[in-house]
Amino acid sequence: MVKKMSKVISLVVVLFCAVQSAFGQFSTNPCSIDGVYCNDTADRNGVIYSFHGDTVCYPAPGTSMPFWLAVGDASTRTIDTTFVSPVAATVLSGPGYLQGPLAQNISKYSHFNDWKFTASGVYEIEFSIAGLYKDTVFFKVAEEVDFCSQVPDGCGDGGGDLVYPSTGNGGIIPVDAIFPITVGVINSLTGQLDSSFFGYIFLDQLSGPGNMYGTLNMYGARWLTFTDVRFDTEGTYLVEISTSLGYTPDTITVDVYTPTEGVNTPNYSSLSIFPNPFNHNVTIKFDDGQRIGEVNIINSQGKLVETHSLISSSTLNLSHLPKGVYFIEAISLIGLKSEVSILVKK
């Protein structure tokens, strides 16, 4: 048991996209981004994107995540600022449809601000630039989050006035790991999530020892899930979340740590826990539908606090727990699957 506890305490929830190299930084002016260079003499040997690699983590259907592309020296990420040409995108395969402009012009660079997919899954998309450059990118579109079930008072239609974020992992994340944030707007009088929301949501770093980077603004309806936000330095960050419609913003605190050398932080995204942080009840589910046979609650010192065996419901009342950080180990009913995640009592 001691060995098991020491292993459990070193694990954290990290929601990775399938290809971890697919991250980057979005800006309306790519030339202002660290690691991206611009000049009028750059070699034209490939396509440069705001993301890295040939796979990009994209948010759930109906949500837009802006990105840009340009032509230049792909090996050094140097944009040729003299390049002007049309660019066209073609969906080669995918489980649904792509909605948004598929053709526009590059003048230094080109922004795609309003792409939305109709179904979750992987889409193969070819970019063709003036018949000179062709490049294929895989867009992995996330499963849609049922945010209504994570809000104590559910959803309503209209009246939203207050930004409502949920981090899904208690605000604790390793350096350079994806920090998932789902954001909606609630009615401060009824406590209901406004399912009629439609607009932009922005993330702004107010303080912290390093930099928050990735895609920091998104556009869509109801609620939006950020799938490409990271922090480059260990420490505590304060992040403000606001909208384009002037609703009252909210702030979250993110604690970023450096993983212990030699300890792996695998993907535990198949275990869903909400709300997190929590006050009273917590719902725990395996994303693939397996039934839970046992749940172990472990405190931050690695001590087993309590065990729930053969639970008949996926919702537990943990209101009696003191405030703090806990580890939850969920074991499937047939014992073939065990997942660990972080839970925060506020």
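Residues numbered from 1 in each chain as written. Predicted model: local features only at pLDDT ≥ 70, side-chain atom pairs only at ≥ 80, totals over all residues. Heavy atoms only, no water.

Trainee: Describe the overall build of the chain, and please don't skip the residues or the numbers.
Mentor: Across its full length, the chain holds 1 helix and 32 strands. Here the chain holds 346 residues, and the buried ones make up 49% of them. The contacts of the chain with a sequence gap of at least 6 include a subset with a gap of at least 24, amounting to 64%. Carbon together with sulfur atoms contributes 50% to the accessible area of the chain, which is approximately 15,300 Å² in total. (Helix = DSSP H or I, 4+ residues; strand = E, 2+ residues; numbered from the N terminus. Buried < 20%, exposed > 50% of the residue type's maximum accessible area, 1.4 Å probe, protein only. Contact = heavy atoms within 4.5 Å. Areas by Shrake-Rupley, 256 points an atom, 1.4 Å probe, with all protein chains shown as cover.)

Trainee: Would you mind going over the side chain of S110 in detail, with residue names and values included?
Mentor: Along the chain, S110 turns up in strand β10 (residues 109-112). At a separation of 2.6 Å, a polar atom in the side chain of S110 contacts the side chain of Q104. Separated by 3.3 Å, the side chain of S110 and the backbone oxygen of N105 make a polar contact. S110 has contacts with F67, W68, L69, V87, Q104 and N105, leaving out every residue within four places of it along the chain. (Polar contact = N/O pair within 3.5 Å; in protein donor to acceptor, adjacent residues only side chain to side chain.)

Trainee: An account of unusual backbone geometry is requested, with residue identities and associated values reported.
Mentor: Even without glycine at this site, K108 takes up a positive phi of about 75°. Examined against the element boundaries, K108 turns out to sit in the loop between β9 (103-107) and β10. Positive phi values are uncommon outside glycine, yet R222 reaches one of about 65°. Structurally, the position occupied by R222 is in the loop between β21 (217-221) and β22 (224-226).

Trainee: Run through the state of the cysteines, naming residues and quoting values.
Mentor: Here, the word disulfide means a covalent bond between the sulfur atoms of two cysteines. One pass over the full model with this rule turns up 2 disulfides. Covalently, C31 is tied to C38 through a disulfide, its sulfur atoms 2.0 Å apart. Taking the torsion about the sulfur-sulfur bond, which here is approximately -95°, the covalent link between C31 and C38 counts as left-handed. On the accessibility criterion, C31 (32% relative accessible area) is partly exposed. (Disulfide = S-S within 2.5 Å.)

Trainee: Before we move on, could you go through the sheet that holds strand β4 (residues 63-64) and cite the residues and values that matter?
Mentor: Taken in spatial order, the 6 strands of this open sheet run β4-β21-β19-β24-β25-β16, and their pairing is mixed. Among the strands making up the open sheet, the edge pair consists of β4 and β16 (172-174). When β16 meets strand β25 (residues 250-257), the two strands line up parallel, connected through 3 bridges. If you follow P174 over to β25, its bridge partner there is Y257. (Pairing = 2+ DSSP bridges.)

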